[in-house]
Amino acid sequence: MKIGLFFGSFNPIHVGHLIIANTMATTTDLEQVWFVVSPQNPFKKTKSLLHEFDRLDMVERAIADNSRLKATNIEFSMPKPSYTIDTLARLTEKYPQHTFRLIMGEDNLEQFANWKNYDKILEYYGLYVYPRPRSKESEFKIHPNVRLVEAPLLDISATFIRDSIRANRSIRYMVPDVVEEMIERKKFYV
């Protein structure tokens, strides 16, 4: 099976993530998209990061009705911070019957050369890239192992959602109802 890997902190998962994942699963040759919930992104601060199991739970609830979307906690048992190349190697070792592709936003291409073993990621896995607002041009866009995928241009951020919660503003329609209910019930991000 060809699987697209959508890495992120998903803090919280929102409709932008879901639309991109579903677009990748239904308009490309990817048979499934796996959400790789990252305990700690090496490029992000962890101050407002919910516990990884809470974020995984929100992702699982958000995608429960879509058999093409899965969640994985593969990085939870890996050294922190985890690097994409190490996770890809672990997944390839654990699931040798699958081929994996990395899904990323076009804005990440700008910094991709800073990633650990980015050349190996390109060579052995390849990228499926979706458009992002205000992305700059990148030489990676013309690489033969980079596939640009037409997808809705969404500018929804988890930061905006967290700030809205703290300001007591509605997050309705930005996150699935099951995620909103969980955030309210557990008083996340308050």
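Basis of the calculations
- Residues numbered from 1 in each chain as written.
- Predicted model: local features only at pLDDT ≥ 70, side-chain atom pairs only at ≥ 80, totals over all residues.
- Heavy atoms only, no water.
- Helix = DSSP H or I, 4+ residues; strand = E, 2+ residues; numbered from the N terminus.
- Buried < 20%, exposed > 50% of the residue type's maximum accessible area, 1.4 Å probe, protein only.
- Contact = heavy atoms within 4.5 Å.
- Phe/Tyr/Trp six-rings, centres within 6.5 Å; stacked < 30°, edge-to-face > 60°.
- Salt bridge = Lys/Arg side-chain N within 4 Å of Asp/Glu carboxyl O.
- Expected span 1.5 Å × (residues − 1).

1. What about the overall build of the chain?
Then, in step 1: For the chain, the helix and strand inventory stands at six helices and six strands.
Then, in step 2: Put simply, the chain runs from its N terminus to its C terminus through helices and strands in the order β-α-β-α-β-α-β-α-β-β-α-α.
Then, in step 3: For the chain, the spread of C-alpha atoms along the principal axes amounts to about 45 × 35 × 30 Å.
Then, in step 4: Residues classed as buried in the chain amount to 49% of the 190 residues present.
Then, in step 5: The long-range share in the chain, meaning contacts at least 24 apart out of those at least 6 apart in sequence, stands at 68%.

2. Thoughts on the packing of aromatic side chains
Then, in step 1: Inspection of the entire model under this criterion finds 12 aromatic pairs.
Then, in step 2: Both rings, one in F6 and one in F10, keep their centres 5.7 Å apart while their planes meet at 85°; by these two values the pair is edge-to-face. For the pair formed by F6 and F10, the shared burial category is buried.
Then, in step 3: A ring pair is formed by F53 and F76, whose centres lie 5.1 Å apart and whose planes are at 90°; its orientation type is edge-to-face. Linking F53 in helix α2 (residues 52-63) with F76 in the loop between β3 (69-72) and α3 (84-94), this pair joins segments that are 23 residues apart in sequence.
Then, in step 4: Here a set of aromatic residues connected by ring pairs shows up, and it is made of F6, F10, F35 and Y130.

3. Thoughts on the pattern of salt bridges
Then, in step 1: Evaluated as defined, the whole model comprises 11 salt bridges.
Then, in step 2: Put simply, R147 and D29 hold a salt bridge, and the shortest N to O gap is 3.1 Å. A residue pair is termed long-range when its members are at least 10 positions apart, and R147 in strand β6 (residues 146-148) and D29 in the loop between α1 (15-27) and β2 (32-37) qualify at 118 residues.
Then, in step 3: Taking the relative accessible area as the measure of exposure, R147 reaches 32% and is therefore partly exposed.
Then, in step 4: A residue is classified by how much of its surface remains accessible, and D29, at 36% relative accessible area, is partly exposed.
Then, in step 5: Ionic pairing is found between R166 and D163, a salt bridge with its closest N-O pair at 3.3 Å. One end of the pair is R166 and the other is D163, both in helix α5 (residues 158-166) and three residues apart, which spans about a single turn.
Then, in step 6: For D163, a relative accessible area of 38% corresponds to the partly exposed category.
Then, in step 7: Several salt bridges converge on common partners, so that one network encompasses K2, D29 and R147.

4. Focus on α2
Given 3.6 residues to a turn, an α-helix orients residues that are three or four positions apart in the same direction.
Then, in step 1: When the terminal C-alpha atoms of α2 are compared, their 17 Å separation across 12 residues agrees well with the 16 Å that a helix rising 1.5 Å per residue should span.
Then, in step 2: All of the buried residues along α2 are E52, R55, L56, D57, M58, V59, A62 and I63.
Then, in step 3: Of the surrounding secondary structure, the elements contacted by the buried residues of α2 are α1, β2, β3 and α6 (177-186).

The values are spatial; any link to function lies outside them.
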